[in-house]
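Residue-level listing of the chains:
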Amino acid sequence: MKPKRLLLAEDDTMLASLLKYRLEKDGYVVAVKHDGHQMKTAITEQLPDAIISDVMMPYFSGIELVDYLRNDLKTDIPIILISAASNEENVVSALKLGANDFIAKPVSPTELLIRVARELNRYY
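Cut-offs applied
- Residues numbered from 1 in each chain as written.
- Predicted model: local features only at pLDDT ≥ 70, side-chain atom pairs only at ≥ 80, totals over all residues.
- Heavy atoms only, no water.
- Phe/Tyr/Trp six-rings, centres within 6.5 Å; stacked < 30°, edge-to-face > 60°.
- Buried < 20%, exposed > 50% of the residue type's maximum accessible area, 1.4 Å probe, protein only.
- Lys NZ or Arg CZ within 6 Å of the ring centre and 35° of its normal.
- Helix = DSSP H or I, 4+ residues; strand = E, 2+ residues; numbered from the N terminus.
- Contact = heavy atoms within 4.5 Å.
- Pairing = 2+ DSSP bridges.
- Right-handed = clockwise from strand over helix to strand, strands pointing away.
- 1 Å grid on protein atoms, 1.4 Å probe; cavity = no way out; pocket = protein on both sides within 12 Å on 5 of 7 lines; lining within 4 Å.
- Points joined across faces, edges and corners; volume = space filled by probe spheres on them.
- Lys, Arg positive; Asp, Glu negative; His and termini not counted.
- Salt bridge = Lys/Arg side-chain N within 4 Å of Asp/Glu carboxyl O.
- Polar contact = N/O pair within 3.5 Å; in protein donor to acceptor, adjacent residues only side chain to side chain.
- Axes fitted to C-alpha atoms, helices over the stretch in contact; angles between N-to-C directions.

**Q** What is the right way to read the packing of aromatic side chains from this model?
**A** For any pair of aromatic rings, geometry is given as the distance between the ring centres together with the angle between the planes. Overall, the coordinates contain one aromatic pair when judged by the stated rule. Their ring planes at 80 degrees and their centres at 5.9 Å tell us that F60 and Y68 sit as a pair that is edge-to-face. The pair F60 / Y68 is uniform in exposure class, with both members buried. The ring of Y68 carries K40 above its face, with NZ or CZ at 4.6 Å from the centroid.

In structure tokens form, the structure reads like this:
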């Protein structure tokens, strides 16, 4: 079976490296983008199997990304948002727009792996 391709948008390069390493160790192919513009460009070039995105991204937020994917591209691929701003308003807003999951920072790589696998199993 072909490995699942993940797109990770995280402007914190240390956290992005840690999550990429852990996800790849579990067999995923991970492309990392450090701002919303890079993320949007990567999505239009090739839609990944799932997306993990920080909410607070330069140029194009994770919330805007969910809106773009669900309403403009009309895709239902899994989207998991991560954020230090995990207040109820942000979580509810993201989920109402169509995010599949929301994880508060600090992100546990093990928890992220479980949630990614769960969403991919639901979708594929």
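**Q** Just to check I follow, could you spell out helix α3 (residues 62-72) for this structure?
**A** Spacing of three or four residues puts side chains on the same side of an α-helix, whose turn is 3.6 residues. Listed in full, the buried residues belonging to α3 are G62, L65, V66, Y68, L69 and R70. Residues of α3 that are buried sit in contact with α2 (36-45), β3 (50-54), β4 (79-83) and α4 (88-97).

**Q** Any chance you could explain the pairing of strand β1 (residues 5-9) here in plain terms?
**A** As a general feature of sheets, a regular strand has side chains that alternate between the two faces. In terms of burial, β1 is a largely internal element, four of the five residues being buried. Pairing of β1 with strand β2 (residues 29-33), which is carried by five bridges, proceeds in the parallel orientation. Across the sheet, L6 pairs through a bridge with V30, a residue of β2. Taken together, β1, helix α1 (residues 13-25) and β2 constitute a β-α-β crossover, and its handedness is right-handed. The pairing of β1 with β3 spans four bridges and is parallel. If you follow L8 over to β3, its bridge partner there is I52.

**Q** Sorry, what's going on with the layout of surface pockets here?
**A** Of the pockets and cavities examined, the largest pocket occupies roughly 160 Å³. M1, K4, Y28, L120 and N121 are, among the 10 residues lining the largest pocket, the residues nearest its centre.

**Q** Which parts of the structure should I look at to understand the side chain of R70?
**A** Mapping R70 onto the fold places it in helix α3. One buried charged side chain, R70, makes no salt bridge at all; its nearest oppositely charged neighbour is D76, positioned 5.9 Å away. Here the side chain of R70 touches N100 through a polar contact of 2.8 Å, side chain to side chain. When near neighbours in sequence (up to four residues on either side) are disregarded, R70 contacts T75, D76, I77, I79, L97, G98 and N100.

**Q** Explain the sheet that holds β1 here, please?
**A** Strand pairing within a sheet occurs via backbone hydrogen bonds; the two strands may be parallel or antiparallel. In spatial order, the strands read β2-β1-β3-β4-β5; together these five strands make up an open sheet with parallel pairing. Of all the strands in the sheet, the pair left with one neighbour each is β2 and β5 (101-104). On average, each strand axis in the sheet is tilted by 20 degrees relative to the strand beside it, whichever way the strands run. Relative to β4, β3 is paired through four bridges, and the arrangement is parallel. When the bridges of β4 are listed, D54 appears paired with I82.

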